[in-house]
Amino acid sequence: MNVLGALFSALPGAVAQGLVWGIMAIGVYVTFRILDIADLTVDGSLATGGATCVMLIRLGLNPWLALLCAVASGVIAGLVTGLFITKCGIPPILAGILTQLSLYSINLRIMESKSNQAVSVDKYSLLASQRYVRDFSILNPLVLLTVLLLILMILLYMFFGTELGSAVRATGTNQNMARAQGINTKFNTVLGLMLSNGLVAMSGALLAQYQGSADVNMGRGAIVIGLAAVIIGEVLFGKIFRNFFLKMLAVVLGAVIYYIVLQIVLQMGLNTNDLKMLTAILVAVFLSIPYWKGMLDAKKAGAKKEGK
Amino acid sequence: MLQVNSIYKTFNPGTVNERVALDGLDLTLNDGDFVTVIGGNGAGKSTLLNAIAGTFPVDSGSIILDGTDLTGLPEHKRAKYLGRVFQDPMMGTAPTMQIVENMALAARRGDKRGLKWGITKEEHEKYHEMLKILDLGLEERMTAKVGLLSGGQRQALTLLMATLKKPQLLLLDEHTAALDPKTAAKVLEISDMVVKKNSLTTMMITHNMKDAINFGNRLIMVEGGKVVMDVSGEEKQKLTVAELIEAFSNI
């Protein structure tokens, strides 16, 4: 009973974290599912978003403006990776790793060579803070995060329905076809990466405010958590959520479920140090399932033929 | 009018794999020409079409279409003037997008793509009518993902997309080679209908000598990266499969 009580009181926090990471996971969805690129830039751009936002708030900038600047920093990170891929011919995975690595240095520079910079909710009017997550008030971060996510999802839904958004989708699904239809696939690849990393940096900025600090390591393994959210969402809701808006919702729910499950296993006494490994195993297993299923189906089909 | 002026292309120059694919090829197509292109494997047929489409830059020479010099333009900019159907049915359509979305993408070929809606209501109705002409039942499945269609259906759709916005030149690169005979015949029939209806200037690569004779008003044979045979009009009508095979063995 005690465990359940503890879990219940930890639930709002888990949901809030899930929503913050949900924004990040939508960014991963844009690259991984729409552009068909596993973009590792995000491990760096998440922390860049957090660092930019925290340092600007500490300088006295309005938190909303700081958030906007954080998004811009992510957009630039995405641009760099995009140019590595399209102008330098570097394979996408490596391009992401290169940007991510250089962002580590850049993030330290942004944070004035400290690995951690605090931003206290006592001193600044932060957009989202852990402190109010159990309060019944407008300050509760769950309110802002829900509204923000809804707005983002509506905007993204609309964007991918436009001519330009359709061109990005075509670029991700078949570059040959896209070029034959006059679509500049390089431009659209870069655009998709900028959009994705902008979202990731926004998530990082909100995460830093929520936790009350930016940390140079806050993005370590972010891509895997993002992928976990995408995959959990697809496995659980893939059959019922068909349209793009609902697919994004599935990704956000995937992130929330991921953090709730995390809370449960933590309450059960799991060592926090093992979390990253468990997340990696989870993602590896779920990425393998379609492959294994394909092999099994092929075997079954073969057996059927022989039986005839 | 298409003018291909002595284009050269060598793949992997300076290596053991060096291969001269286009060896000063010259070709002029008049408006409305429907040219069937034949030639052995590695003769340079596909390379010629890809050079025109801009898949790669040529080493020298020029490609001019209706007064526009295409030679230096990247592939996506040339797309404005060209309709293309590939040998591989998977290549010409976006599998994760709906039939109607694919058509909407094709309808904007060569246009600037901005923040206007990707498909309008009127387009839905227009595409419904167009798909009916194919007689494949696709008009009832407009919101189905293209990845669910058969190779023949995808190829027919690609053809429709290539001509949705009238191209100045239609390039058909063995577009029926991967299909079963019945479907191939159907797609070929649709191709002929579309080309005639819009009086499109067309190049069609084929390995089927009968098709090469029966379709189009002109026939060229490519060998060693050059045009080695060019017949049209009555002379082409009189050609027989036996004569063509004879011509093949004489090269």
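Residues numbered from 1 in each chain as written. Chains lettered and ligands numbered in written order. Predicted model: local features only at pLDDT ≥ 70, side-chain atom pairs only at ≥ 80, totals over all residues. Heavy atoms only, no water.

Trainee: Help me out: how do you make sense of the packing of helix 9 (residues 222–237) of chain A against helix 10 (residues 244–267) of chain A in this one?
Mentor: Two quantities define a packed helix pair, namely the angle between the helix axes and the distance between the axes. Residue and element names in this part refer to chain A. Following both chains from N to C, one finds helix 9 and helix 10 inclined at 110 degrees, their axes separated by 7 Å at the closest point. Our classification of the angle between helix 9 and helix 10 gives roughly perpendicular. Residues Ile 225, Ala 228, Ala 229, Val 230, Ile 232, Gly 233, Leu 236 and Phe 237 of helix 9 pack against Ala 250, Val 251, Leu 253, Gly 254, Ala 255, Ile 257, Tyr 258 and Tyr 259 of helix 10. Residue composition of the contact of helix 9 with helix 10, by class: 14 nonpolar, two polar and no charged. (Axes fitted to C-alpha atoms, helices over the stretch in contact; angles between N-to-C directions. Helix = DSSP H or I, 4+ residues; strand = E, 2+ residues; numbered from the N terminus. Parallel < 35°, antiparallel > 145°, perpendicular 65-115°, else oblique. Contact = heavy atoms within 4.5 Å. Nonpolar A, V, L, I, M, F, W, Y, C, P; charged D, E, K, R; others polar.)

Trainee: Any chance you could explain the pairing of strand 1 (residues 2–11) of chain B here in plain terms?
Mentor: Regular strands place side chains that alternate from one sheet face to the opposite one. All names here are of chain B. The pairing of strand 1 with strand 2 (residues 19–29) spans eight bridges and is classified as antiparallel. The partner of Val 4 across the bridge, within strand 2, is Leu 27. Across five bridges, strand 1 lies against strand 4 (residues 60–65) in antiparallel orientation. Along strand 4, the bridge assignment pairs Asn 5 with Ser 62. (Pairing = 2+ DSSP bridges.)

Trainee: I keep staring at the side chain of Ser 166 of chain A and nothing clicks. Help me out?
Mentor: Here Ser 166 of chain A is to be found in helix 6 (residues 163–173). Here Thr 162 of chain A takes part through its backbone oxygen, which lies 2.8 Å from a polar atom of the side chain of Ser 166 of chain A. If we ignore the near neighbours within four places in the chain, the residues touching Ser 166 of chain A are Phe 160 and Gly 161 of chain A together with Met 97, Leu 105 and Gly 118 of chain B. (Polar contact = N/O pair within 3.5 Å; in protein donor to acceptor, adjacent residues only side chain to side chain.)

Trainee: I would appreciate a short explanation of the pattern of salt bridges in the present structure.
Mentor: Oppositely charged side chains can pair when the atoms bearing their charge come close. All names here are of chain B. The tally for this structure, following the rule as stated, stands at 15 salt bridges over all chains. A salt bridge links Glu 123 to Arg 108; the shortest N-O distance between them is 2.7 Å. In this pair, Glu 123 sits in helix 4 (residues 121–134) while Arg 108 sits in the loop between helix 3 (99–107) and helix 4, placing the two residues 15 residues apart along the sequence. Across the pair, exposure class does not vary: Glu 123 and Arg 108 are buried alike. (Salt bridge = Lys/Arg side-chain N within 4 Å of Asp/Glu carboxyl O. Buried < 20%, exposed > 50% of the residue type's maximum accessible area, 1.4 Å probe, protein only.)

Trainee: Looking at this structure, I do not really get helix 1 (residues 2–35) of chain A. What am I missing?
Mentor: Think of an α-helix as turning once every 3.6 residues; residues three or four places apart then point the same way. Residues and elements named next belong to chain A. Over its 34 residues, helix 1 extends 46 Å from the first C-alpha to the last, a length consistent with the 50 Å expected when each residue adds 1.5 Å. If you look at helix 1, its biggest bend is around 40 degrees, right at Ala 10, and the proline Pro 12 turns up within four residues after that. Counted residue by residue, helix 1 has 24 buried out of 34 residues, so it is predominantly covered. (Expected span 1.5 Å × (residues − 1). Bend = angle between axes of the 7 residues up to and from the residue.)

Trainee: Where do I start with the interface of chain A and chain B in this structure?
Mentor: With 20 residues of chain A in contact, the opposing surface of chain B contributes 28 residues. Across the interface of chain A and chain B, roughly 2100 Å² is buried in total on both sides, 57% from carbon and sulfur atoms. Of all residues in chain A, the largest losses of buried area upon contact with chain B belong to Glu 163, Met 177 and Gln 181 of chain A, amounting jointly to 32% of the total for that side. Put simply, chain A and chain B have three salt bridges between them. For Glu 101 of chain B, the salt bridge goes to Arg 169 of chain A, with nearest N and O atoms at 2.7 Å. Sorting the residues of the side of chain A that touches chain B by element identifies helix 5 (141–159), helix 6 and helix 7 (175–180) of chain A as the ones contributing at least two each. Of the residues forming the side of chain A that touches chain B, the biggest block, seven residues, is contributed by helix 6 of chain A. Per-class residue counts for the side of chain A that touches chain B are eight nonpolar, nine polar and three charged. (Buried area = accessible area lost by both parts, 1.4 Å probe.)

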